[in-house]
Amino acid sequence: MRSTLAGPRVLLRRLREVMAEPINAQERLDKIVVLIAANVVAEVCSVYILRADGVLELYATEGLNRDAVHKTSLKVGEGLVGLIAADARPLNLPNAQAHPAFAYRPETGEEAYNSFLGVPILRAGRTLGVLVVQNQSHRTYFEDEVEALQTTAMVIAEMVAAGELEAIVQQGTKLDMSRPMHFQGVALSDGVGLGHVVLHEPRVVVTNLIAEDATVELERLERAINRLRISLDDLLNSGDMAPSGEHRDVLEAYRMFAHDRGWIRKIEEAINNGLTAEAAVEKVQSDTRARMMRQTDPYLRERLHDLDDLAHRLIRELMGRQQGPISESLPQDAVIVARNMGAAELLDYGRDRIRAVALEEGGPTSHVTIVARALGIAAVGLADNLVSLAESGDAVIVDGESGQVHLRPAPDIENAYAEKVRFRARRQAQYRRLRNKPAVTRDGAKLSLQLNAGLLVDLPAVTESGADGVGLFRTELQFMVASSFPRMSVQTDYYRQVLEASEGRPVTFRTLDIGGDKVLPYLRAIQEENPAMGWRAIRFGLDRPGVLRTQIRALLRAAAGRDLKIMFPMVSEVDEFRRAKGVVEREIAHLTRHGYALPERLQLGVMIEVPSLLYQLDELYSLVDFASIGSNDLFQFFNAVDRGNTRVAGRFDTMSPAFLRALKEIVDTAARHDTPVTLCGEIAGRPLEAMALAALGYTNLSMSPSALGPVKAMVRALDLARLKETVLPLLDAPGDLRSLRPTLRAFAQETDVPF
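Right, let's walk through the structure included here. None of the values given here were measured: they were computed from a predicted structure.

Calculation rules
Residues numbered from 1 in each chain as written. Predicted model: local features only at pLDDT ≥ 70, side-chain atom pairs only at ≥ 80, totals over all residues. Heavy atoms only, no water. Helix = DSSP H or I, 4+ residues; strand = E, 2+ residues; numbered from the N terminus. Buried < 20%, exposed > 50% of the residue type's maximum accessible area, 1.4 Å probe, protein only. Contact = heavy atoms within 4.5 Å. Pairing = 2+ DSSP bridges. Salt bridge = Lys/Arg side-chain N within 4 Å of Asp/Glu carboxyl O. Expected span 1.5 Å × (residues − 1). Arc of directions from axis to C-beta. Polar contact = N/O pair within 3.5 Å; in protein donor to acceptor, adjacent residues only side chain to side chain. Axes fitted to C-alpha atoms, helices over the stretch in contact; angles between N-to-C directions. 1 Å grid on protein atoms, 1.4 Å probe; cavity = no way out; pocket = protein on both sides within 12 Å on 5 of 7 lines; lining within 4 Å. Points joined across faces, edges and corners; volume = space filled by probe spheres on them. Nonpolar A, V, L, I, M, F, W, Y, C, P; charged D, E, K, R; others polar. Patch = residues over 30% accessible without salt bridge, like charges linked within 9 Å, V, L, I, M, F, W, Y side chains within 5 Å. Areas by Shrake-Rupley, 256 points an atom, 1.4 Å probe, with all protein chains shown as cover. Lys, Arg positive; Asp, Glu negative; His and termini not counted. Charge placed at Lys NZ, Arg CZ, Asp CG, Glu CD. Parallel < 35°, antiparallel > 145°, perpendicular 65-115°, else oblique.

1. Quick word on the overall build of the protein
Turning to step 1, where the next piece is worked out: Regarding its fold elements, the protein presents 26 helices and 22 strands.
Turning to step 2, where the next piece is worked out: Out of the 755 residues in the protein, the part that is buried amounts to 55%.
Turning to step 3, where the next piece is worked out: In the protein, the proportion of contacts linking residues at least 24 apart, taken out of those at least 6 apart, comes to 67%.

Pasting the structure below:
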């Protein structure tokens, strides 16, 4: 028996005419089911749309009782229609009533029909409904008929996604596309953000689905695939590419998929059935995503991300779209949603419009998290599948305290969070009242609380928060947001503004710390197998002395007549500090010869973040004027745990006795040499961890602006002597104690210390 289909392209041409008619959504759906029934020569064609409550509602039918429209429904998994929605794959049956999942609905009058073909209505792999045809005769539908229904389902999916069906939703119900969704992730940056979704790398929305000429579309596909393959080959053959490593494995996987004939053949078949090239890519990928999302194998799920990225690249090639956000078009309450992103990419958006960041990946100590904290932006990571389920413009709430993300929140959730924001504002007002009060414990111990900063926009917080100064100024952020390498005059003016904005408070400038995940867009990136421990920070500066000398000279000139503190990052041996100090001395000699004014007082220090320095402390402290601890990297290297790797980033605790013993050794040795030490990593900004640091002997802490109030409130309520009696004996106590966190929490609760 031959297929009864009039021809896929004929059907699609008629569908396009229906979509262009100025009619309402119900009339359009009614015309679509009539058109499909006529072209497939089926007695019945029906459309079921998935509601927010997990129920499939009959929205249109040709052949069944039309009075059943909007009255008949099945749960996902119930009946043949529910089975298709649950499995997200077609079902083709010559005798539907014999199938064990068949569910009879008397109001529809479908008992007379035997053959059944149903396909899911998919968008980005997400099921939005089911499209069904039925006949009285016992028959199996042909492949081109299945393809025709799948293509029609794409058209209906775009109607749903565009909100066209909202006008005919029955009172008291919502469609699944508007269903509130909750994601439990990991809190990365404190705060609560209410706003609307901005996808960091937005899916290109394919609106032109139906092709005029299949030959033209096949030629477009071939050209786009060739461009895609060439771009991948160029990346792999580039002299910048390391010969091995995970980055290369990913690109090799991309190249393998880009040359896969099975993948391309499926796209070509969809084009021959009447789709445009970009719609064909989207259809094949949506089918693949729906199938692979049912897999539990993490390897297969990871390959899904590869295929997604490759499909999006190919669609962009076809449509001539460039990746990347357009900052000017952001809403005033933007919530950035991404799989992951770099620190510089976040800075591209502009602080004044961002309410929060939500990531599918990301870790507590990744650089994008650090920048989000520095800017006071709420952030959540490890929110699985958020990118696929969010649409640009969706309402969203990001809770940086609990790690929750609420997509399309219900009114009661939105009202509750609005009240939470008001409560936080009142609490911040309480912290502001502490602004001019000293950070002194109940038993008289004085702590110095400073801020971490990296942009001029951060500096007003020094005065507003009552901070004692800037314990860490990340100079690389200026370089990361610039379109070209900043000239010395630009750097000099910038550093002078920083010193002026600090209003006489001390500022510790960290020299350029690039490499790893902090890449300057105008410098050729060097691919390394392990960039976190590669050519970065002081290693880069000493190997590129022109860059380091320019920055040192700019700092010296900017601080003329003022105090200046310069700190070198990622120092792993004392000789690196000696060499860096030599650069400073040569620049001082140069400026002196040419009659430039110098800083009134100059102090040079190092950032302790490489464990090898723990065995050089006496020699180091005899040379430096001060030291700072970068606890993020020190903890990472101490435990051999990649802070950006979400599988292991939470495996170890910063409050483990082993790590705390290392921190105590650093501060105790500094005390013997009378060398000031500041801890400026992320743990300084968390009240519970700051308690532990105070017990170890740290009196100088530097943190993000939003953390200073809570830490100061903790300090002023703390009995430090009693805390030391509780904590210090545990550092060397035998046993299997993995973390002092429970002990610290119990102490805080018992003594009414806010944490």
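2. Notes on the pairing of strand 10 (residues 334-338)
Turning to step 1, where the next piece is worked out: Most of strand 10 is tucked away, with five of its five residues classed as buried.
Turning to step 2, where the next piece is worked out: Strand direction decides the pairing type here: strand 9 (residues 192-199) and strand 10, joined by four bridges, are parallel. When the bridges of strand 10 are listed, leucine 199 appears paired with valine 337.

3. What to know about the environment of valine 547
Turning to step 1, where the next piece is worked out: If you trace the backbone, valine 547 turns up in helix 18 (residues 545-558).
Turning to step 2, where the next piece is worked out: For valine 547, a relative accessible area of 17% translates into the label buried.
Turning to step 3, where the next piece is worked out: Taking C-alpha positions, valine 547 is 9.5 Å from phenylalanine 485, a pair spaced 62 residues apart along the chain.
Turning to step 4, where the next piece is worked out: Not counting the four nearest positions on each side in its chain, valine 547 is found in contact with Phe485, Leu512 and Phe540.

4. What about the pattern of salt bridges?
Pairing of side chains with opposite charge becomes possible as their charged atoms draw close.
Turning to step 1, where the next piece is worked out: Scanning the model with the defined rule gives 35 salt bridges in all.
Turning to step 2, where the next piece is worked out: When the shortest N-O distance is used, the salt bridge between aspartate 618 and arginine 672 registers 3.9 Å. One end of the pair, aspartate 618, is in helix 20 (residues 617-621); the other, arginine 672, is in helix 22 (residues 657-672), with 54 residues separating them in the sequence.
Turning to step 3, where the next piece is worked out: When its relative accessible area of 42% is taken as the criterion, aspartate 618 is described as partly exposed.
Turning to step 4, where the next piece is worked out: Judged by its relative accessible area of 57%, arginine 672 is exposed.
Turning to step 5, where the next piece is worked out: What you see here is one network of salt bridges that share partners, running through Glu476, Arg510, Asp513, Arg536 and Asp633.

5. Focus on helix 25 (residues 720-731)
Turning to step 1, where the next piece is worked out: Taking 1.5 Å per residue as the helical rise, helix 25 with its 12 residues ought to reach 16 Å, and the 16 Å between its terminal C-alpha atoms agrees with that figure.
Turning to step 2, where the next piece is worked out: All of the buried residues in helix 25 are Leu720, Leu723, Val727 and Leu731. Buried residues of helix 25 fall within an arc of 60° about the axis and therefore sit on the same side.
Turning to step 3, where the next piece is worked out: In this fold, the buried residues of helix 25 make contact with helix 22, helix 23 (687-696) and helix 26 (741-750).
Turning to step 4, where the next piece is worked out: In this structure aspartate 719 caps helix 25, since a side-chain oxygen of it lies 3.4 Å from the backbone nitrogen of alanine 721.

6. With respect to the sheet that holds strand 4 (residues 91-93)
Turning to step 1, where the next piece is worked out: With respect to topology, six strands assemble into an open sheet ordered 3-2-1-6-5-4, the strand pairing being antiparallel. Looking along the sheet, the strands with just one partner apiece sit at the ends: strand 3 (73-75) and strand 4. Within this sheet the neighbouring strands show an average axis-to-axis angle of 20°, counted without direction.
Turning to step 2, where the next piece is worked out: Alignment of strand 1 (residues 44-50) against strand 6 (residues 126-135), held across six bridges, turns out to be antiparallel. The residue of strand 6 that forms the bridge with tyrosine 48 is valine 130.
Turning to step 3, where the next piece is worked out: Running at roughly 35° to strand 5 (residues 115-123), helix 3 (residues 79-87) makes contact with strand 1, strand 2 (55-62), strand 3, strand 4, strand 5 and strand 6 of the sheet.
Turning to step 4, where the next piece is worked out: Seen against the sheet, helix 4 (residues 143-161) touches strand 1, strand 4, strand 5 and strand 6 and runs at an angle of roughly 40° to strand 5.

7. Considering the side chain of threonine 61
Turning to step 1, where the next piece is worked out: Locating threonine 61 in the fold gives a position in strand 2.
Turning to step 2, where the next piece is worked out: Assessed through its relative accessible area of 1%, threonine 61 is described here as buried.
Turning to step 3, where the next piece is worked out: A polar contact is formed between the side chain of threonine 61 and the backbone oxygen of cysteine 45, at a distance of 3.5 Å.
Turning to step 4, where the next piece is worked out: Contact partners of threonine 61, with chain neighbours within four places excluded, come to Val33, Val44, Cys45, Ser46, Arg66 and Val69.

8. A look at empty space enclosed by the protein
Turning to step 1, where the next piece is worked out: On inspection of all chains with the given rule, the structure shows five cavities of 30 Å³ or more.
Turning to step 2, where the next piece is worked out: Considering only enclosed or pocket space, the second largest cavity measures out at about 130 Å³ in volume.
Turning to step 3, where the next piece is worked out: What lines the second largest cavity is a set of 17 residues, among which Tyr48, Leu74, Val81, Ala103 and Glu110 lie closest to the centre.
Turning to step 4, where the next piece is worked out: Sorting the residues of the lining of the second largest cavity by element identifies strand 1, helix 3 and strand 6 as the ones contributing at least two each.
Turning to step 5, where the next piece is worked out: Among the elements that line the lining of the second largest cavity, the one with the most residues is helix 3, at three residues.
Turning to step 6, where the next piece is worked out: Looking at side-chain class alone, the lining of the second largest cavity contains 10 nonpolar, five polar and two charged residues.

9. Some details on helix 16 (residues 488-501)
Turning to step 1, where the next piece is worked out: For helix 16, with 14 residues, the first-to-last C-alpha span of 20 Å sits near the 20 Å given by 1.5 Å per residue.
Turning to step 2, where the next piece is worked out: When we look at burial in helix 16, the residues that qualify are Gln491, Thr492, Tyr494, Tyr495, Val498 and Leu499. Along helix 16, the residues classed as buried sweep out an arc of 165° about the axis, all on the same side.

10. A few points about a positive patch on the surface
Turning to step 1, where the next piece is worked out: A cluster of basic side chains, namely Arg432, Arg433, Arg435, Lys437 and Arg716, defines a positive patch on the protein surface.
Turning to step 2, where the next piece is worked out: As for its placement among the helices and strands, arginine 432 is situated in helix 13 (residues 411-433).

11. Side note on the sheet that holds strand 12 (residues 378-381)
Turning to step 1, where the next piece is worked out: Strand order in the open sheet formed by eight strands is 7-14-13-9-10-11-12-8, and the pairing between neighbours is mixed. At either margin of the open sheet sits one strand with a lone partner, and together these are strand 7 (181-184) and strand 8 (186-189). Within this sheet the neighbouring strands show an average axis-to-axis angle of 30°, counted without direction.
Turning to step 2, where the next piece is worked out: Here strand 10 pairs with strand 11 (residues 354-359) via five bridges, running parallel. The residue bridging alanine 334 from the neighbouring strand is isoleucine 354, located in strand 11.
Turning to step 3, where the next piece is worked out: Sitting on the sheet, helix 13 touches strand 9, strand 13 (395-399) and strand 14 (404-407), and the angle it makes with strand 9 is about 125°.

12. Regarding the environment of glycine 54
Turning to step 1, where the next piece is worked out: Relative to the helices and strands, glycine 54 resides in the loop between strand 1 and strand 2.
Turning to step 2, where the next piece is worked out: Considering only alpha carbons, one finds glycine 54 and lysine 75, 21 residues apart in sequence, at a separation of 6.1 Å.
Turning to step 3, where the next piece is worked out: Not counting chain neighbours up to four residues away, the residues in contact with glycine 54 comprise Leu74, Lys75 and Val76.

13. Side note on the environment of glutamine 603
Turning to step 1, where the next piece is worked out: Inspection of the secondary structure assignment puts glutamine 603 in strand 19 (residues 601-608).
Turning to step 2, where the next piece is worked out: A relative accessible area of 14% places glutamine 603 in the buried class.

14. Focus: the packing of helix 2 (residues 25-40) against helix 4
Turning to step 1, where the next piece is worked out: Across the interface, helix 2 lies against helix 4 with an axial gap of 11 Å and an inter-helix angle of 175°. Relative to helix 4, the element helix 2 lies roughly antiparallel. When helix 2 is examined against helix 4, the residues Ala25, Arg28, Leu29, Ile32, Ile36 and Val40 are found in contact with a partner set consisting of Glu145, Leu149, Thr152, Ile156 and Met159.
Turning to step 2, where the next piece is worked out: In terms of residue class, the contact of helix 2 with helix 4 is made up of eight nonpolar, one polar and two charged.

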